[in-house]
Amino acid sequence: MVRLTLGGFDTHAGQLGTHANLLKELADGMVALKAAMQELNMWNNTLVMTYAEFGRRAKGNDSNGTDHGTAAPHFVLGANVRGGRYGQRPSLAGLRRWDRMPFHVDFRDYYGSLIDGWLGGGGSEVLGGRPIQNLGLFVRSPGTVPPLPRGGIPTVTTTPTPSPSAFAPTAPGRFVSLAPQRVCDTRNGVGASRAPIGPGQTLAVQIAGLAGIPASGVLGVAVNVTSANASEPGFFSVFPSNAATTGSSSLNTVPGRAVPNMAIVGVGPDGKIGVFNAGGTTDCIVDVMGYVSAGTGSGLVALVPSRLLDTRTGVGAPLGRLRGGQRVDLVIAGRGGVPASGVDAVMLNVAALRPTAGGFLTVCPTGMAVPEVSNLNYDVGRNVPNLVVCKLGPDGAVSLVADAGELDVIADVVGCFTSDGASQVAVAPARLLDTRHGIGARAGLVGSASEIDLGVVGVGGVDPAATAVILNVTATGATAETFVTVYPDGVGRPDASSLNVAQGATIANLVVAKVGANGKVRLYNDAGGLHLLADVTGYFV
């Protein structure tokens, strides 16, 4: 380990030219170092990190310099560094004249990620016992994959024995879309006892062998899960039957309201999934939309979200609100990046806006009778989103049918399934983002017109080569009515929404997001402030 210093960055005056010269000196030195290490065949095992005593303020002073601050950029360089930007882009929003910009990565997480990822572990102990939020900086590191020393003497390493309840990521599988069908309803005893789920209980739901799903060779399933008749606020967690309950939430139960959410999860070896109820009593309804097969099927083509339907403006359907009993056919093929042919199914984010009565919305292939299932449950005046996976009809379209009242409907396409699309891998649910506790981003409310860049590959069991991730995104504590858009990092923000959030509400929605630049996705909040949480349940590769 070698420590080098490059002074002169404390620029209270004449900063612009001084910093440019210093950074050039640093860059020239790195070029020379890399060349020397490559000549010695040591570059793959070399890591360079920068650190500083303090950062700078954003406000320039009268001497064309800046004063001390609490945030500064740093560099990590090496052949095995994953690359990209970690943390959020600096924001000047709300800063007064001499305010210091907030930091987005705690320096202890920066140091700890290097200790754990490059030096082999112990970051938390070195840094006083504080839990480390690992930034996932490395593709490979000597600390975790030790090379053989000279002379070929093997290095002895130990591998932790997995817990019996650990769920290993599945093999990549292909998606098979189905006509929607109900497999569980505790209100009337379909697929389970005719009784609500009690607090702290897990309902085992049979998947394999039902609703057109084969009895074997099933890796995962796409289901719409609904909580109804909840006695108190709580949450559902949906997971493979052989996985431990992690505390990740799939939907938030609300007394007096039916709350739906899509889930794409692994299936246990017994052909079942589990639905854990955190508190109170509540009924549970599960509708199957498709499954992930170990054999043949389709793969996902992830898309930048694109609006295909908006009854408020006449996009995709005649201008005007959808009425109870009315059916709207929405053309999908050839729009929003979806190929004109060869598409088996589509993935849509659908939202019901300002309903005049309680009811539900069903999405199904055109040309078929409306099935006895619901994709989205709504009540008076509340905007409700939900992800929908739907097989296309023979004309490349889907039908949307409202149960009651009048409402506006929007639909954004986020992906489609074709013969040459990406395969799906299910992982045990893992939390990647929680702004309440500083996980994945700086702790604190996400402000109006603010964004979070979230790293989603190489963490939570997600393969670094993943092209899309399956996230359950939750918004809570909203100070104003707003919407949240999740989209690939590195592209312009699309005119689409992933969650529609009422003031004070807690709402979750499944999001399948294309992975953008540097292995990241971006989460945008339109108005007010709110907290955001994201749990990963799978990916496509």
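Figured I'd write up the structure that's included with this text. (Residues numbered from 1 in each chain as written. Predicted model: local features only at pLDDT ≥ 70, side-chain atom pairs only at ≥ 80, totals over all residues. Heavy atoms only, no water.)

### Notes on the nonpolar core
Our working rule: As used in this record, nonpolar core signifies buried Ala, Val, Leu, Ile, Met, Phe, Trp, Tyr and Cys residues forming a set joined through side-chain atoms within 4.5 Å. Under the scheme applied here, a residue whose accessible area is under 20% of the maximum for its type counts as buried, over 50% as exposed, and between as partly exposed, the area being computed with a 1.4 Å probe on protein chains only. Runs of E in the DSSP output that reach at least two residues are strands. Runs of H or I that reach at least four are helices, and both are numbered from the N terminus.
Core analysis: the biggest nonpolar cluster contains 33 residues, and L433, L454, V456, V469, V521, L523 and L532 have the highest contact counts within it. Elements that contribute at least two residues to this core include exactly β22 (424-434), β23 (450-455), β24 (468-476), β25 (482-488), β26 (499-501), β27 (507-514), β28 (520-525) and β29 (531-540). In this structure, I332, L361, Y378 and L392 belong to the second largest nonpolar core, which totals 30 residues.

### Here's the deal with the pattern of salt bridges
The following threshold applies: When a carboxyl oxygen of Asp or Glu is within 4 Å of a side-chain nitrogen of Lys or Arg, the pair counts as a salt bridge.
Applying the stated criterion across every chain, the model contains 24 salt bridges. Here R56 ties to D10 by a salt bridge, and the two come within 2.9 Å at their closest N and O atoms. Of the two residues, R56 sits in strand β2 (residues 55-60) while D10 sits in the segment before α1 (15-39), which places them 46 residues apart along the sequence. Linking K24 and D28 is a salt bridge whose minimum nitrogen-to-oxygen distance equals 2.9 Å. One end of the pair, K24, and the other, D28, are both in helix α1, 4 residues apart, so they sit about a helical turn from each other. The structure contains a network of salt bridges with shared partners spanning D106, R108, D109 and R130.

### Quick notes on the sheet that holds β29
Definition in use: For two strands to count as paired, DSSP must find a minimum of two bridges between them. Axis geometry follows a simple rule: fit a line to the C-alpha atoms, using only the stretch in contact for helices, then measure angles between N-to-C directions, giving values from 0 to 180 degrees.
Strand order across the open sheet formed by 4 strands is β22-β29-β24-β27, with antiparallel pairing between neighbours. Each of the sheet's edge strands pairs with one partner strand only, and the pair in question is β22 and β27. Across this sheet, the average inter-strand angle for adjacent strands is 20 degrees, counted without regard to direction. Pairing geometry for β22 and β29, over 7 bridges, is antiparallel. Residue D434 lies in a different strand from β29, and its bridge partner there is L533.

### What about the sheet that holds β26?
Read across the sheet, 4 strands follow the order β23-β28-β25-β26 without closing on themselves; strand pairing throughout is antiparallel. Looking at which strands have only one partner, the edges of the open sheet turn out to be β23 and β26. This sheet shows a mean twist of 20 degrees between the axes of neighbouring strands, independent of strand direction. Bridging between β23 and β28 involves 6 bridges; their strand directions are antiparallel. Counterpart to L454 in the pairing with β28 is V521.

### A look at the pairing of strand β6 (residues 202-206)
Residues L203 and V205 of β6 are buried on one face, while the alternating residues T202, A204 and Q206, pointing to the opposite face, are not. Sheet topology places β6 next to strand β11 (residues 272-277); 5 bridges connect them, and they run antiparallel. Paired with T202 across the bridge in β11 is F276.

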